[in-house]
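Observations on the three-dimensional arrangement
Next come the chains, spelled out residue by residue.
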Amino acid sequence: MTPMDPPPGVDLPAMFGDIDIYLFDQLLRGRFDRRPRVLDAGCGGGRNLVYFLRRGFSCFGVDRDPAAIDQARALSARLAPQLPADNFRVGELDQLPWDAASKNAVVCSAVLHFARDLAHFDCMVDELWRVLAPGGMLFARLASNIGIEEAVGAAGRRVRLPDGSDRFIVDEAMLLERTRRMGGELLDPVKTTNVQQQRCMTTWVLTKR
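No experiment lies behind these values; they were computed from the predicted model shown.

1. Re the overall build of the chain
- A count of helices and strands for the chain gives seven helices and ten strands.
- Expected size for 209 residues packed as a compact globule is a radius of gyration near 17 Å; at 17 Å, the chain falls within 12% of this value.
- C-alpha atoms of the chain, sized along the principal axes, occupy 50 × 50 × 35 Å.
- Going through the 209 residues of the chain one by one, you find that 49% of them count as buried.
- Pairs at least 24 residues apart make up 67% of the contacts formed inside the chain by residues separated by at least 6 positions.
- Entry remark: accessible area of the chain is about 10,100 Å², with carbon and sulfur atoms responsible for 52%.
- Distance between charge centres in the chain, computed from 27 positive and 27 negative side chains, equals 3 Å.

2. Here's the deal with the nonpolar core
- Ranked by internal contacts, the top residues of the largest apolar core, which has 31 residues, are Leu39, Leu93, Val106, Leu112, Phe121 and Leu128.
- Mapped onto this core, the elements with two or more residues apiece are strand E1 (37-41), strand E2 (58-63), strand E4 (103-109), helix H5 (118-130), strand E5 (132-144), helix H7 (172-182) and strand E10 (199-208).
- Looking at which element gives the most residues to this core, the answer is H5, with five residues.
- If near-sequence neighbours (up to four positions away) are discounted, Leu112 is found in contact with Phe121, Met124, Val125, Leu128, Ala140, Leu142 and Phe168.
- Counting 26 residues, the second largest nonpolar core, distinct from the first, contains Tyr51, Leu53, Phe88 and Val107.

3. Observations regarding the packing of aromatic side chains
- Scanning all chains against the criterion turns up seven aromatic pairs.
- Aromatic pair Phe16 and Phe24: ring centres 4.9 Å apart, planes at 80 degrees, arrangement edge-to-face.
- The buried category is assigned to Phe16, whose relative accessible area is 12%.
- Aromatic side chains Tyr51 and Phe52 sit 6.2 Å apart centroid to centroid with 75 degrees between the ring planes, which places their arrangement in the edge-to-face category.
- Judged by relative accessible area, Tyr51 falls into the buried class, the value being 18%.
- On the basis of relative accessible area, Phe52 is assigned to the buried category, the value being 0%.
- The ring of Phe60 has Lys103 lying over it, and the distance from NZ or CZ to the ring centre is 4.3 Å.

4. Things to note about the packing of H5 against H7
- It is at 12 Å that the axes of H5 and H7 come closest, and there the two elements cross at 45 degrees. The orientation of H5 relative to H7 falls into the category oblique. Seen from above, H5 lies across H7 with right-handed handedness. Contacts between H5 and H7 pair Leu118, Phe121, Asp122, Val125, Asp126 and Trp129 from the former with Met174, Arg178, Arg181 and Met182 from the latter.
- Split by residue class, the contact of H5 with H7 holds six nonpolar, no polar and four charged.

5. Quick notes on the side chain of Ser109
- Mapped onto the elements of the fold, Ser109 is located in strand E4.
- At 2.6 Å, the side chain of Ser109 and the side chain of Asp20 are in polar contact.
- Sequence-distant contacts of Ser109, defined by excluding residues within four places in its chain, comprise Asp20, Arg47, Asn48, Phe139 and Arg141.

Rules and cut-offs
- Residues numbered from 1 in each chain as written.
- Predicted model: local features only at pLDDT ≥ 70, side-chain atom pairs only at ≥ 80, totals over all residues.
- Heavy atoms only, no water.
- Helix = DSSP H or I, 4+ residues; strand = E, 2+ residues; numbered from the N terminus.
- Rg over C-alpha atoms; globule rule 2.2 N^0.38 Å.
- Buried < 20%, exposed > 50% of the residue type's maximum accessible area, 1.4 Å probe, protein only.
- Contact = heavy atoms within 4.5 Å.
- Areas by Shrake-Rupley, 256 points an atom, 1.4 Å probe, with all protein chains shown as cover.
- Lys, Arg positive; Asp, Glu negative; His and termini not counted.
- Charge placed at Lys NZ, Arg CZ, Asp CG, Glu CD.
- Core = buried A, V, L, I, M, F, W, Y, C linked by side-chain atoms within 4.5 Å.
- Phe/Tyr/Trp six-rings, centres within 6.5 Å; stacked < 30°, edge-to-face > 60°.
- Lys NZ or Arg CZ within 6 Å of the ring centre and 35° of its normal.
- Axes fitted to C-alpha atoms, helices over the stretch in contact; angles between N-to-C directions.
- Parallel < 35°, antiparallel > 145°, perpendicular 65-115°, else oblique.
- Left-handed = near helix turned anticlockwise from the far one by under 90°.
- Nonpolar A, V, L, I, M, F, W, Y, C, P; charged D, E, K, R; others polar.
- Polar contact = N/O pair within 3.5 Å; in protein donor to acceptor, adjacent residues only side chain to side chain.

Any link to function would need more than the numbers given here.
Below you can see the structure in the form of structure tokens.
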């Protein structure tokens, strides 16, 4: 076997960062080809934005943790110094600091399941939808009860998962109803990964008509 320099385990993280593999799938399928303004809602230190920053996307991020936003700003300054530091802001998902219809894509990976209750969940989703432009895409990954209903019970509330974490959980009916209510259209079927009966993570991808 010919030595590789650098090997994929080094080369790919350098290019894509610690990207959510399901978000990577959307990139591979061209879902961001004509969606240049990307908001990461609950961005943390920017792990899902590395490729977008490198490729000249107009990136934005919001997170409640000031230290995380400092990291995201530092990452942006290194990879995309033309972007204003103010594109990355401390804030809450239920009150986003951007105009309506101002983003082509909204990424919200492993954040919505921190909702306090159903009203808080819906408020966050409504805000993500508000800032999304027509034709834009919402990509969300969140905890669900799909496949572990007997262990965790009904959706639409916070529960203790078998892995010991407390999460707000959804089910397919909730996601489909909200897709219809908002006037959205699924880009992919609702997909769920069952992690050895300890938790289930569902991917919800839709476009704004």
